Amino acid sequence: MDEFELLKQEVKNCTKCDLCRTRTNVVFGEGFRNAEIMCIGEGPGYYEDQQGCPFVGKSGQLLDKILNVCGFTRSEHVFIGNIVKCRPPNNRDPLPEEREACLPYLYKQIELINPKIIILLGATALKGLIDPNARITKVRGEWMQWNNRLVMPTFHPSALLRNEKLKKPAWEDFKKVVSKYREIVNKDHFSEHC
Ligand code: URA
Ligand code: SF4
């Protein structure tokens with residue numbers, strides 16, 4: 001088994017925080033093992049917990065739609081992960097101790113996948129990876145650096161579902177990702193709409 005598979009097995013059996021007691025499935029993450037883009041969300045919701053896959057509910061469908069418009073797929077371009085790998089009961093925000101227990105797994109995933117671009121989806125991802133005091137409404141749409149990687153913070157798809165007005169700025173953020181991808185990964189990257 002390679003290091004990535006070993007990590008997956010370790011996470012699937014993890015009991016490092018109390019979320020292990022209430023989960024149905026651990027959601028390790030999904031996508032291309034050597035993706036140049038990694039999307040990071042908050043944590044599994046009801047459907048993700050049921051199926052063991054990230055972003056499969058309503059937000060996930062919207063995320064897939066956005067990625068597809070950008071010419072990106074889970075299987076070829078993107079790996080999708082979360083700050084916590086087990087569902088917080090009733091979809092509450094993950095607690096600080098839960099985030100701390102789980103973050104080393106995300107760091108290891110980032111190291112092994114080695115993406116050039118990280119897309120942070122929403123406040124929990126931004127605060128968890130970058131800075132607990134950062135505000136998504138303030139910093140979204142601007143490139144950041146984290147450990148020599150480019151980071152684009154944007155709204156969580158669930159925020160776009162709650163507030164239609166956020167869709168346009170979020171789309172601008174994803175367009176920046178597509179042009180950066182053309183600049184540093186594949187100048188011939190094809191997408192139908194941008
Ligand atoms: N929302 C998230 O933040 N992550 C998921 O995997 C699903 C919904
Ligand atoms: Fe382990 Fe993370 Fe699940 Fe907590 S949320 S039990 S740290 S995998």
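Provided above is the structure to which this section pertains.
For the structure given in this document, a descriptive report is provided here. (Residues numbered from 1 in each chain as written. Chains lettered and ligands numbered in written order. Predicted model: local features only at pLDDT ≥ 70, side-chain atom pairs only at ≥ 80, totals over all residues. Heavy atoms only, no water.)

## Concerning the site of ligand 2
Part 1 of the reasoning: As a structural note, the neighbourhood of ligand 2 is formed by Cys14, Lys16, Cys17, Leu19, Cys20, Arg23, Lys85, Cys86, Ala101, Cys102 and Tyr105.
Part 2 of the reasoning: Looking at the shell around ligand 2, the elements that each hand over two or more residues are helix H2 (19-22) and helix H5 (96-113).
Part 3 of the reasoning: The biggest single contributor to the shell around ligand 2 is H5, with 3 residues.
Part 4 of the reasoning: Residue composition of the shell around ligand 2, grouped by class: 8 nonpolar, no polar and 3 charged. (Near = heavy atom within 4 Å. Helix = DSSP H or I, 4+ residues; strand = E, 2+ residues; numbered from the N terminus. Nonpolar A, V, L, I, M, F, W, Y, C, P; charged D, E, K, R; others polar.)

## As for the pairing of strand S3 (residues 78-82)
Part 1 of the reasoning: Among the 5 residues in S3, 5 count as buried, and that is most of the element.
Part 2 of the reasoning: By the bridge criterion, 2 bridges tie strand S1 (residues 30-31) to S3 in an arrangement that is antiparallel. Bridge pairing links Gly31 to Phe79 in S3.
Part 3 of the reasoning: Relative to S3, strand S2 (residues 37-41) is paired through 5 bridges, and the arrangement is parallel. (Buried < 20%, exposed > 50% of the residue type's maximum accessible area, 1.4 Å probe, protein only. Pairing = 2+ DSSP bridges.)

## Some remarks on the nonpolar core
Part 1 of the reasoning: Residues Ile40, Leu106, Ile110, Ile118, Leu120 and Leu129 are the most contacted members of the largest nonpolar core, which totals 34 residues.
Part 2 of the reasoning: Elements represented by at least two residues in this core include exactly helix H1 (3-12), S2, H5, strand S4 (117-121), helix H6 (123-129), helix H7 (136-139) and strand S5 (144-146).
Part 3 of the reasoning: With 8 residues, the single largest contributor to this core is H5.
Part 4 of the reasoning: Core analysis: the second largest hydrophobic core is formed by 24 residues, Ile66, Ile117, Ile119 and Leu166 among them. (Core = buried A, V, L, I, M, F, W, Y, C linked by side-chain atoms within 4.5 Å.)

## Points about the pattern of salt bridges
Any two side chains of opposite charge can pair, on the condition that their charged atoms come close.
Part 1 of the reasoning: As enumerated under the stated definition, the model contains 12 salt bridges in all.
Part 2 of the reasoning: Notably, a salt bridge pairs Lys175 with Glu172, separated by 3.6 Å at the nearest N-O pair. Of this pair, Lys175 and Glu172 are both found in helix H9 (residues 167-184), 3 residues apart, which corresponds to roughly one turn of the helix.
Part 3 of the reasoning: Among the residues examined, Glu172 registers a relative accessible area of 36% and is labelled partly exposed.
Part 4 of the reasoning: Put simply, Asp188 and Lys187 hold a salt bridge, and the shortest N to O gap is 3.5 Å.
Part 5 of the reasoning: Given the relative accessible area of 66%, Lys187 is considered exposed. (Salt bridge = Lys/Arg side-chain N within 4 Å of Asp/Glu carboxyl O.)

## Details of H5
Count 3.6 residues to each turn of an α-helix, and residues three or four apart come out pointing the same way.
Part 1 of the reasoning: Between the first and last C-alpha of H5 there are 25 Å, a value that for 18 residues agrees with the 26 Å anticipated at 1.5 Å per step.
Part 2 of the reasoning: At Cys102, H5 is bent by approximately 35 degrees, the largest bend along its length, and proline Pro104 sits one to four residues beyond.
Part 3 of the reasoning: Listed as buried for H5 are Glu98, Ala101, Cys102, Leu103, Tyr105, Leu106, Gln109, Ile110, Leu112 and Ile113.
Part 4 of the reasoning: Two residues or fewer after H5 comes Asn114, characterised by a positive phi angle close to 60 degrees. (Expected span 1.5 Å × (residues − 1). Bend = angle between axes of the 7 residues up to and from the residue.)

## Let's talk about the state of the cysteines
Part 1 of the reasoning: All told, the structure shown has 0 disulfides when counted by the stated rule.
Part 2 of the reasoning: This cysteine, Cys53, is not joined by any disulfide, and Cys86 carries the nearest cysteine sulfur, 14 Å off.
Part 3 of the reasoning: For Cys53, a relative accessible area of 23% puts it in the partly exposed group. (Disulfide = S-S within 2.5 Å.)

## As for the site of ligand 1
Part 1 of the reasoning: Residues in contact with ligand 1, as listed here, are Gly41, Glu42, Gly43, Glu48, Pro54, Phe55, Asn82 and His156.
Part 2 of the reasoning: Here a nitrogen atom of ligand 1 and a backbone polar atom of Gly43 are 3.0 Å apart.
Part 3 of the reasoning: Contact distances for ligand 1 include 2.8 Å between a nitrogen atom and a side-chain N or O atom of Asn82.
Part 4 of the reasoning: Protein chains bury 92% of the 240 Å² of accessible surface belonging to ligand 1 in isolation.
Part 5 of the reasoning: A class-by-class count of the residues in the shell around ligand 1 yields 2 nonpolar, 4 polar and 2 charged. (Polar contact = N/O pair within 3.5 Å; in protein donor to acceptor, adjacent residues only side chain to side chain. Areas by Shrake-Rupley, 256 points an atom, 1.4 Å probe, with all protein chains shown as cover.)

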